Amino acid sequence: MVQGRYVCARSVILSSKINMRAHLSDIIFLCGFFLICSSEVAGQTCRGKCGDVLEECSCHATCVSLLTCCADYNQSCFQVMPHSSSMLGGRALRILNVVLQPGGRLLCRFKGEIEREGFIDADGRGYCISPLLYETGWIPFTVSTDGIHFDRSGEYLSVNPSKAEHDSKVILVNTMQWLNYGTPNVAGRLQMTWNSSLIGAEKVNIELWGYREFSRSTEATGSSSLQAELSYLYSLGRSLSNTGAFSFIPEPSKDFSGWVLGNIRITASSELDGARDVQALWSAGHILAWHLEQAFRDDSAAWAESKCLQWDVLETTLPNFLDELIDCPCTLAQARADTGRFHADYSCDIERGSVCTYHPGSVHCVRAIQASPTHGSGQQCCYDSAGALVLTADSSGGSTPDRAHDWGSPPYREPPRVPGYSHWLYDVMSFYYCCLWSDHCHVYLNHRPSSGCRNYQPPRAGVVLGDPHFITFDGLSYTFNGKGEYYLVSSPDRELSVQARTEQVKLENGTLARATWLSSVAMKEKTSDVIEVRLAEGHLQVLRNQKVLPLTEQRWMDLHGLFVFAPSPQNVTVIFLSGVGVEVRVHEGAMAATVLLPTEFTNHTQGLLGLMNSDPSDDLQTKLGEVISPGDATPEEIFTFGASWNISKKSSLFTYDSKYLLETYYFPPSHDPAFVPAFSLPETPDDPLVGDMLTMCFGEGAVFCKYDTLTTRSLTMGNATLRAYQSHQAQMKALEPVVSCGWLQTPRNGKKSGTHYLEGNTLSFTCSTGYTLYGSTERTCLDDGTWTGETPYCVTDDKVGFILGAVGSLSALVTMGIMIHRHNRKQDREKKEDQMMTQEQPC
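Residues numbered from 1 in each chain as written. Predicted model: local features only at pLDDT ≥ 70, side-chain atom pairs only at ≥ 80, totals over all residues. Heavy atoms only, no water.

Chemist: Just checking my understanding: could you explain the overall build of the chain for this structure?
Modeler: Counting its secondary structure elements, the chain contains 17 helices and 39 strands. Counting all 843 residues of the chain, 52% fall into the buried class. Across the chain, contacts joining residues at least 24 apart in sequence account for 61% of those joining residues at least 6 apart. Of the roughly 38,600 Å² of accessible surface on the chain, a fraction of 52% belongs to carbon and sulfur atoms. (Helix = DSSP H or I, 4+ residues; strand = E, 2+ residues; numbered from the N terminus. Buried < 20%, exposed > 50% of the residue type's maximum accessible area, 1.4 Å probe, protein only. Contact = heavy atoms within 4.5 Å. Areas by Shrake-Rupley, 256 points an atom, 1.4 Å probe, with all protein chains shown as cover.)

Chemist: I would appreciate a short explanation of unusual backbone geometry in the present structure.
Modeler: Glycine aside, residues mostly have negative phi angles, and peptide bonds mostly take the trans form. Here the amide bond leading from M81 into P82 is cis, since omega sits at -5°, within 30 degrees of zero. When you line up the elements, P82 lands in the loop between strand 1 (80-81) and strand 2 (84-86). A cis amide bond, omega 5°, links P415 with the succeeding residue P416. Within the fold, P416 resides in the loop between strand 20 (380-383) and helix 10 (421-436). One non-glycine residue, N749, adopts positive backbone phi at about 65°. Inspection of the secondary structure puts N749 in the loop between helix 16 (715-734) and strand 35 (750-753). You can call N749 partly exposed: its relative accessible area is 33%.

Chemist: I tried to follow the pattern of salt bridges on my own but got confused; where do I start?
Modeler: A side chain with one charge may pair with a side chain of the opposite charge, provided their charged atoms come close. Counted according to the given criterion, the structure contains 32 salt bridges. Two residues, E155 and R544, come together in a salt bridge whose shortest N-O distance is 3.4 Å. One end of the pair, E155, is in strand 9 (residues 152-159); the other, R544, is in strand 28 (residues 539-544), and 389 residues separate them in sequence. Given a relative accessible area of 21%, E155 falls into the partly exposed group. Of the charged contacts in the structure, one is a salt bridge between E663 and K659, with a shortest N-O distance of 3.7 Å. Highlighted residues: E663 and K659, both in helix 13 (residues 659-666), separated by four residues, approximately one helical turn. For E663, a relative accessible area of 26% translates into the label partly exposed. Classification of K659 by relative accessible area gives partly exposed; the value is 29%. When salt bridges with common partners are traced through the structure, they connect E155, D529, R544 and K547 into a single cluster. (Salt bridge = Lys/Arg side-chain N within 4 Å of Asp/Glu carboxyl O.)

Chemist: For this particular structure, what's the right way to read the state of the cysteines?
Modeler: The bond known as a disulfide is covalent and runs between the sulfur atoms of two cysteines. Tallied over the full model, the rule gives 14 disulfides. Note on cysteine connectivity: C330 is disulfide-linked to C453, with sulfurs 2.1 Å apart. Taking the sign of the S-S torsion, 105° for the link of C330 and C453, the bridge is right-handed. Taken together, the residues span a long stretch of sequence, with C330 in the loop between helix 8 (300-317) and helix 9 (332-337) and C453 in the loop between helix 11 (441-447) and strand 21 (460-465) at a distance of 123 residues. Each member of the pair C330 and C453 is classed as buried. (Disulfide = S-S within 2.5 Å.)

Chemist: So what exactly am I meant to see when it comes to helix 8 here?
Modeler: For the α-helix, the turn length of 3.6 residues means that residues three or four positions removed from each other point alike. The terminal C-alpha atoms of helix 8 lie 26 Å apart, and with 18 residues this matches the ideal 26 Å at 1.5 Å per residue to within 8%. By the burial criterion, the buried members of helix 8 are S300, W303, A304, C308, W311 and E315. In an axial view of helix 8, the angular spread of the buried residues amounts to 135°, which keeps them on one side of the axis. Residues of helix 8 that are exposed and point over 90 degrees away from its buried face: V313, T316 and T317. (Expected span 1.5 Å × (residues − 1). Arc of directions from axis to C-beta.)

Chemist: Got a minute to help me understand the packing of helix 8 against helix 10 in this structure?
Modeler: The relative placement of two packed helices is expressed as an angle between their axes plus a distance between the axes. For the pair helix 8 and helix 10, interaxial distance at closest approach is 8 Å and the crossing angle is 135°. Regarding the angle of helix 8 to helix 10, the classification is oblique. Between helix 8 and helix 10 the crossing geometry is left-handed. On helix 10, the residues that touch W303, A304, E305, K307, C308 and W311 of helix 8 are Y426, S430, Y433 and C434. Here the residues of the contact of helix 8 with helix 10 are counted per class, giving seven nonpolar, one polar and two charged. (Axes fitted to C-alpha atoms, helices over the stretch in contact; angles between N-to-C directions. Parallel < 35°, antiparallel > 145°, perpendicular 65-115°, else oblique. Left-handed = near helix turned anticlockwise from the far one by under 90°. Nonpolar A, V, L, I, M, F, W, Y, C, P; charged D, E, K, R; others polar.)

Chemist: I would appreciate a short explanation of the sheet that holds strand 30 (residues 556-559) in the present structure.
Modeler: Strands pair in a sheet through their backbones, by hydrogen bonds, and they do so in one of two ways: parallel or antiparallel. A sheet is described by the order of its strands in space; here eight strands give the open sequence 23-22-21-34-33-32-31-30, paired in antiparallel fashion. This sheet does not close on itself; its edge strands, each paired only once, are strand 23 (477-479) and strand 30. Between one strand and the next, the sheet's axes are offset by a mean angle of 15°, whatever the strand orientation. Where strand 22 (residues 469-471) meets strand 23, three bridges bridge the pair, whose relative direction is antiparallel. If you follow H469 over to strand 23, its bridge partner there is T479. Strand contacts of helix 15 (residues 702-712): strand 21, strand 22 and strand 23, with the helix running at about 10° to strand 23, the strand carrying the most contacts. Of the strands in this sheet, strand 21, strand 22, strand 33 (581-587) and strand 34 (590-597) are in contact with helix 16, which crosses strand 21 at around 180°. (Pairing = 2+ DSSP bridges.)

Chemist: Honestly, the environment of D298 in this entry has me stumped. Any pointers?
Modeler: Note on placement: D298 falls in helix 7 (residues 294-298). Owing to a relative accessible area of 57%, D298 belongs among the exposed residues under this scheme. Separated by 115 residues in the primary sequence, D298 and T183 have C-alpha atoms spaced 8.8 Å apart.

Chemist: Mind showing me how you'd approach the sheet that holds strand 3 (residues 92-99) here?
Modeler: The antiparallel open sheet is built from four strands, whose spatial order is 1-3-7-6. Whereas interior strands pair on both sides, the edge strands pair on one side only; in this sheet they are strand 1 and strand 6 (119-120). Here strand 6 runs beside strand 7 (residues 125-129); their pairing, made up of two bridges, is antiparallel. Looking at strand 7, one finds that F119 is bridged to Y127.

Chemist: What exactly am I supposed to notice about a negative patch on the surface here?
Modeler: On the surface, E626, D632, E636 and E637 cluster together to form a negatively charged patch. Topologically, E637 is positioned in helix 12 (residues 635-643). (Patch = residues over 30% accessible without salt bridge, like charges linked within 9 Å, V, L, I, M, F, W, Y side chains within 5 Å. Lys, Arg positive; Asp, Glu negative; His and termini not counted. Charge placed at Lys NZ, Arg CZ, Asp CG, Glu CD.)

Chemist: How should I be thinking about the packing of aromatic side chains in this particular structure?
Modeler: Each aromatic ring pair is summarised here by two numbers: the centre-to-centre distance and the angle between the ring planes. Evaluated as defined, the whole model comprises 41 aromatic pairs. Taken together, a centroid distance of 6.0 Å and an interplanar angle of 80° make the contact between F704 and Y725 edge-to-face. Linking F704 in helix 15 with Y725 in helix 16, this pair joins segments that are 21 residues apart in sequence. One aromatic cluster is present, formed by F296, W303, W311, Y358, W424, F431, Y432, Y433, W437 and Y444 through successive ring pairs. (Phe/Tyr/Trp six-rings, centres within 6.5 Å; stacked < 30°, edge-to-face > 60°.)

Chemist: What am I meant to see in the side chain of S450 here?
Modeler: Positionally, S450 belongs in the loop between helix 11 and strand 21. Only 2.5 Å separates the side chain of S450 from the backbone oxygen of S399, close enough to count as a polar contact. What S450 contacts, discounting residues up to four positions off in sequence, is V390, L391, T392, G398, S399 and P401. (Polar contact = N/O pair within 3.5 Å; in protein donor to acceptor, adjacent residues only side chain to side chain.)

Chemist: Help me understand the confidence of the model for the chain in this model?
Modeler: When pLDDT is low, close inspection of the predicted coordinates is not appropriate. In this model, the chain carries an average pLDDT of 90, and 89% of its residues clear a pLDDT of 70 or more. Contacts for the low-pLDDT stretch residues 1-42, under 50 throughout, to residues beyond four places or in other chains number 70 contacts. This stretch, residues 832-843, has a pLDDT under 50; its non-local contacts, to residues over four places away or in other chains, come to zero contacts. (pLDDT = per-residue confidence, 0-100.)

Chemist: Explain the packing of helix 15 against helix 16 to me, please; I cannot follow it from the model alone.
Modeler: Across the interface, helix 15 lies against helix 16 with an axial gap of 7 Å and an inter-helix angle of 155°. For the element pair helix 15 / helix 16, the angle class is roughly antiparallel. Of the two possible hands of crossing, helix 15 and helix 16 adopt the one that is right-handed. Here helix 15 contributes F704, C705, D708, T709 and T712 to the contact with helix 16, which in turn contributes L715, M717, G718, T721, L722 and Y725. Among the residues making up the contact of helix 15 with helix 16, the classes are represented as six nonpolar, four polar and one charged.

Chemist: Hey, could you run me through the pairing of strand 20 in this one?
Modeler: Side chains on a regular strand alternate between the two faces of the sheet. The alternating pattern of strand 20 places Q380 and C382 and C381 and Y383 on opposite faces, both of which are buried. Strand direction decides the pairing type here: strand 19 (residues 364-368) and strand 20, joined by four bridges, are antiparallel. For C365, the partnering residue across the bridge sits in strand 20 and is C382.

Chemist: Would you mind going over the environment of Y456 with me for this structure?
Modeler: Tracing the backbone shows Y456 in the loop between helix 11 and strand 21. Taking relative accessible area as the criterion, Y456 reaches 8% and is therefore assigned buried. In the structure, Y456 is positioned 127 residues away from P329 in sequence and 5.9 Å away in space, judged by C-alpha atoms. The contact partners of Y456, leaving out residues within four places of it in the chain, are D327, C328, P329, C330, Q334, D338, R341 and F342. There is a polar contact of 2.9 Å between the side chain of Y456 and the side chain of D338.

Rendered as C-alpha cells:
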C-alpha cells in the first residue's frame, strides 16, 4: 500500500550512496521527470491499469502531484463532470481531458455489466449517460470507441434521489397538492418546473414512470425473491416547448391505477417513449394520488380505509423487525450529539426550517444511520420543543420506526433495501392510507410503535484539539506535542484504526514554534475504504483510498463500509458501520478531531485517547503496556508515552502525495526524535500578550488556551483552542446518560398531564366526570428508573361501593387465610414435639 502511494520511493531508496537528506528534493523531481520520459520510451500505458503502480511510471491517483504519471494517465484514468448523478440516471457525464473523433461511436459499460450508448459532440467531447440503478455509492465504469476494448475507466457518485442536486430535478410545485390530489378540497391544475438548459432540445416529452416491488421466482432453485422495477407508464405530453414549466389537469387512470408510487421524467422529444437510460430529468418519487382511479376521487376516505385494512393484514404476515432496532436517544441534545449513529431526518430538520409535516408537534427528527442487520429496517426518533422524545402512544406525530430504511442499506439493489422507494412502499403509503386519507391511524401506529429510550446508551467521546491537547474517552486531559504520525485509537480486535498526523506550528513571522498541531486524520474499519481528512489552505480536504473526494456537489456520500458527511469545508464527519463517528472541525485554521465510540468498544481501545473503561488512571499506557500515573506524571514522561504510539510505515493509512509529505513523514521515522517541544512557558508580566491572554483565557480550558497563546504568539489561536474545548465540553454534556422510567399509559376514562418520562419528571392523572380515581394521582420518575406510586384507574361512582366491598371481602379472606395457615403450622409443630417426646422415653 505504501509503495502505491509513491512509486519513486523504491528508486530513491536504492540510491543509498547518495546523501538523501542533502539532495532529496532534486532526486524527487528528477525521478518524476525521468519516469514521464521513460514511460514514453518504454510505451507503458494506463489503459486497463488505473490504480496500479507500474515498473517505470504510475497509474495511481497520487501520480499527478508526484509527477510520476504514465504519459496517458489523464486520458486512460479519466474524471467526469459532473461527478454525481441521481441513481435514477439520465445525467450526461462529460469525460474530461479526452478528445475523441466527432461523430464516432462511444460505448459505456457500468459496473462491468450495464452497457449503454454514449455520444460524442462536434468538439470531440465524449459523454456517458448515467443508467438507472437501485443503489448508491461510487459506480465504476469503462468506455470503448471500438466496441471491443473497454480499457479507459472512470467513476461517478450515484446518490439517493432525495439527496440529488435541486437544480437537476423536476420540481413539483406545491408538493402537498400533488400528494393529496383527489381528496376533499384538493383539485385544480398541477404544475412542474425544471432547468430547461439541462435538456439539450427545443421540444420535450413529459412521462410518468411507476415503481413497484414484486416477487420473482427462480426456476432453477424454486425459490422467490423481491425485485424492484421502475417502468414507463404513459406520457403526459409530447413535443412540448422546452420552456422549463408545464401544467395540466390530471385525469383518473384506468389502466395504470395499480401503480401508486412513481416519478415524472422529462426527455428530449426525439427520444422514444419510455426509452431507458437516455438524457433526462426526474422528479422526486411520490405517491401518485393525482392519477389514481375514479373510485378514489369519488370517496377517498373509503378507498383509503380499504387499502389501510389490506395493509393491516399484510403486516401480520411479515417478520417482526422492531426487536433489532437501536433505541432512540432520550433527548434532542443526545440525538444531535450522537453523530456516529444518528443523522437529521431531511423532512424534519430544525436547522433547515423543516415543518415536520408527518410529525406534528415535533421540531426535529433523526434517523438511525445504519439499517438493522437482518431486515434492513430503520429507526426514526422525533423530539418536541422541550427536547423530549415524542412517542406515538401519546401523539400521532411521534417517532415511528420503518420496515424499510429511508436511505436504503447495502447492498441496496434488492427490496426492501432500495433507497427511498422501499421506504415509500412499506412505510409512507400506509401512513397516507391510514392516517392522512382515512381515520384509521391507530391501525398504522399499532404496527409502528415508538421504541422509547430505556436501553439507549450514549457513546463516549475523546478529542484532540489545539496545540495539540488530548481528552481521553475517560476524561483525562493532557498535552502531547510530538511531531509525527500516531495512533489516536487502535482497536485490533474490532479492526478499527484512527491515526493522527501532527506538524510543527508556523508562526506569523514565518518561523517555527516549539509546538505542533493536528494536520491530518486517517481512518479505516475492517474492509472499509480508507478515509483521510487533512488541512489544506485553511479548509478540510477529504481523500478516499488516496484519491481526493470532490465535495462540491454532494454533502453526503455512501462509500464502502462507511459514510462521509461534509456540510461545509470546515466540517467533516466520517461514520462507520459499527456506529463509530469521527468528527473533524477547523477552528481559526486549527484542526480538532473527536472520536465517538459506542459502548461496545469498552475495554477494546488503546492509543493516545486511552483505554475506554471509565477509569482515567490507566489512560497513559504506552504501546509496551507500561502505565504512567497521571497524578504525578511529568510533561517529559507524557511526551515519552505519546511518542510510543507512533505508527509503523506498514500500518500507515496516510497518503504521501507531495514533496513535503515525503521529506517530512514518509522517509523519516514516524516520530521525530529530534523535535523537543516547549513543555511550559512563563507568563512574564512584560509580555505584551499576557494581559489580553489572561482576560481571554479563564474557566475550564484556560490552561490549554494560555499554552497555545504563548507557543504560537497568537491570541486568535488561543481563542480557537478555548472554543474547541468548550465545544467538546458542550458535546460531553449533551451525551450525559439520563434515566428513563418508560412510558405510562393514560387511565381509561381519564387524562394524563405530561408526556416526559425521564428522571425528575412528574405525571399527574385525573378522571372524567362521573369517574373516581383509584391509585396515585401523581407519579414521579426516580433515579433508579422506577415510578413512584401505583397505577391509576378511573371507575364510575356506582361501582365504588362494589369495589370497596370487594376490596373489604378480599381483605377478610386474606386475613382468614393467614390465620388458618398459622393455626395449621402450630398444630403441626405440637404434633412433632409429641412424637419426639415419645421416642425419647425408655423402653
